[in-house]
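# A look at the structure
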Amino acid sequence: MTFDTLIAGPAAAPLAGEITPPGDKSMSHRAIMLASLADGVSEIHGFLPGEDNLSTAQIFADMGVRTEWLNSEKTSLRVHGVGLHGLHAPRNALDAGNAGTCARLMTGVLAGQSFTSTLTGDASLRSRPMQRVSEPVQRMGAIVEGREGDNFLPLTIHGGQLHGIDYQSPVASAQVKSCVLLAGLFAAGDTTVSEPHPSRDHTERMLPIFGQPVEIGEDDIIRLHPENRLTAPQTPLHIPADPSSAAFFAVAASLVPGSELCFHNIGINPRRGGWRHILDDMQANIQLLNEHRIGNEPVADIAVVTAQLHGMQVNAANVPDAIDEFPVLFVAAALAEGVFVLQGAEELRVKESDRISAMATALNACGAHIKERPDGIRIEGCTELRGNVEIDAHGDHRIAMAMAVAAQRANGDIRIRNASAIATSFPDFVPMAQKIGMNVRWATV
Ligand code: S3P
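The following refers to the structure shown.

Thresholds, definitions, all that
Residues numbered from 1 in each chain as written. Predicted model: local features only at pLDDT ≥ 70, side-chain atom pairs only at ≥ 80, totals over all residues. Heavy atoms only, no water. Helix = DSSP H or I, 4+ residues; strand = E, 2+ residues; numbered from the N terminus. Buried < 20%, exposed > 50% of the residue type's maximum accessible area, 1.4 Å probe, protein only. Contact = heavy atoms within 4.5 Å. Lys, Arg positive; Asp, Glu negative; His and termini not counted. Charge placed at Lys NZ, Arg CZ, Asp CG, Glu CD. Pairing = 2+ DSSP bridges. Right-handed = clockwise from strand over helix to strand, strands pointing away. Core = buried A, V, L, I, M, F, W, Y, C linked by side-chain atoms within 4.5 Å. Salt bridge = Lys/Arg side-chain N within 4 Å of Asp/Glu carboxyl O.

## Some points on the overall build of the protein chain
Of regular secondary structure, the protein chain possesses 15 helices and 27 strands. When its C-alpha atoms are laid out on the principal axes, the protein chain stretches across 60 × 50 × 45 Å. Buried positions account for 59% of the 445 residues belonging to the protein chain. Of all intrachain contacts in the protein chain linking residues separated by at least 6 positions in sequence, the fraction that spans at least 24 positions is 75%. Looking at the protein chain, you have 34 positive and 50 negative side-chain charges, and the mean spots of the two groups are 3 Å apart.

Shown next, in the form of structure tokens:
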């Protein structure tokens, strides 16, 4: 049975419990990519078996990489790396599905190959901008062909001998930065990357684990001096739980009166911690416990207790650190006291959906007071949302999960259509949400 409509309604009781959300999506992509390109066998634990990461795994399988799953949940695996120059030309187009990270990072990997390949994706991904990655890899010496100025998938990538570049990215994007760094692995000479605001740095933290140092210089300029090989780590790579998945439950616990939740093993990389800082500034009650490190990443348990939230202003400099959590932060703002304003966030319009428009439309249908702006949003808080409405998640996992959180404070059920994409990043969202007491289920008709 395929599930596409989620029914979520007011929470019947406070949310409570302790959970470990699934593995980090960004790190899972990078782990399988670097392990595939390394010499030797890498063991990975805490992998996220969401559709997006499985697309990345399949793409490497299509180019000859063997992966052994070590458990039926597909959270542990062994990747038999083929070395930087060991991929085989694929017979068919490589399909990134819904995964922007897969498509953008793979553009860098494919640019360095001695063969031609075609990269495609689903309808949403085929409408998302790719020129931001096709342009730098062309400057490094690859030839890329795609629709409308090489801006849209499918892209045909004629890889070749690359040379390093000094790249100043016009957007703060870890996908762009990582694409250029991955292409840099295959290039002659050093590659440097800088960006307008620092974005998530999992690539820079994970490359040294595979024997490829990365230097972070003045003004956060990243320099890669290619070693011409990656080496499988001697010890298993452990991926912490995804802070972006925890964020949905953290907002739910903040909003449902009397709730107390604890999340274990959550990545607290500062470049992913923007949602916690924004919620802190909104006067949420969030505590980090048991801080420690897993590999090169900081990790902690996170405890959340209900609090009355307050509006605030978020500016461009604070957008990259919370880029994926704005849908659920808009839900927090819709039920906060006062006004919440976000600016400098035009990137939200080119995610899996136009997240400013999708969230404003969905929350306003539930009686919220939201005005869209070209680069952000203005939200006037209210005390309760309206239920008995149907909204559209536009095939965007984060819109669907954010609206399931919103429903916990509605006065009736919200039907969330086009929600099956939850499986791209959080296949167990519904059972985990139910476990802590959220009122959410898949519609069976
Ligand atoms: C990601 C980077 C972000 C984020 C995406 C995952 C990554 O995209 O929105 O969900 O893993 O590098 P941008 O780098 O385009 O902002």
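## Some words on the sheet that holds strand β22 (residues 339-342)
Read across the sheet, four strands follow the order β21-β22-β24-β23 without closing on themselves; strand pairing throughout is mixed. Of all the strands in the sheet, the pair left with one neighbour each is β21 (313-314) and β23 (369-373). Across five bridges, β23 lies against strand β24 (residues 376-380) in antiparallel orientation. Directly across from Ile370, in β24, lies its bridge partner Ile379.

## Quick look at the pairing of strand β25 (residues 389-392)
The two faces of β25 differ: Val389 and Ile391 on one face are buried, but Glu390 and Asp392 on the other face are not. Pairing analysis gives four bridges linking β25 to strand β26 (residues 414-417), with the strands arranged parallel. Residue pairing for β26: Glu390 is matched across the bridge by Arg415. Crossover β25 to β26 through helix α13 (residues 397-407) is right-handed.

## Some details on the nonpolar core
Residues Phe249, Phe340, Leu363, Met403, Ile416 and Phe429 are the most contacted members of the largest nonpolar core, which totals 88 residues. If we skip the residues at most four places from it in the chain, Ile416 touches Asp4, Thr5, Leu6, Ala8, Ile391, Ala393, Ala400, Met403 and Ala404. Within the second largest apolar cluster, 64 residues are counted, among which are Leu94, Cys102, Val144 and Ile165.

## Side note on the pattern of salt bridges
Applying the stated rule across the entire model yields 24 salt bridges. Among the ionic pairs, Glu372 bridges to Arg349, the shortest N-O distance being 3.1 Å. In this pair, Glu372 is assigned in strand β23 and Arg349 in the loop between β22 and α12 (355-365), connecting sequence segments 23 residues apart. Using a relative accessible area of 23% as the deciding quantity, one classes Arg349 as partly exposed.

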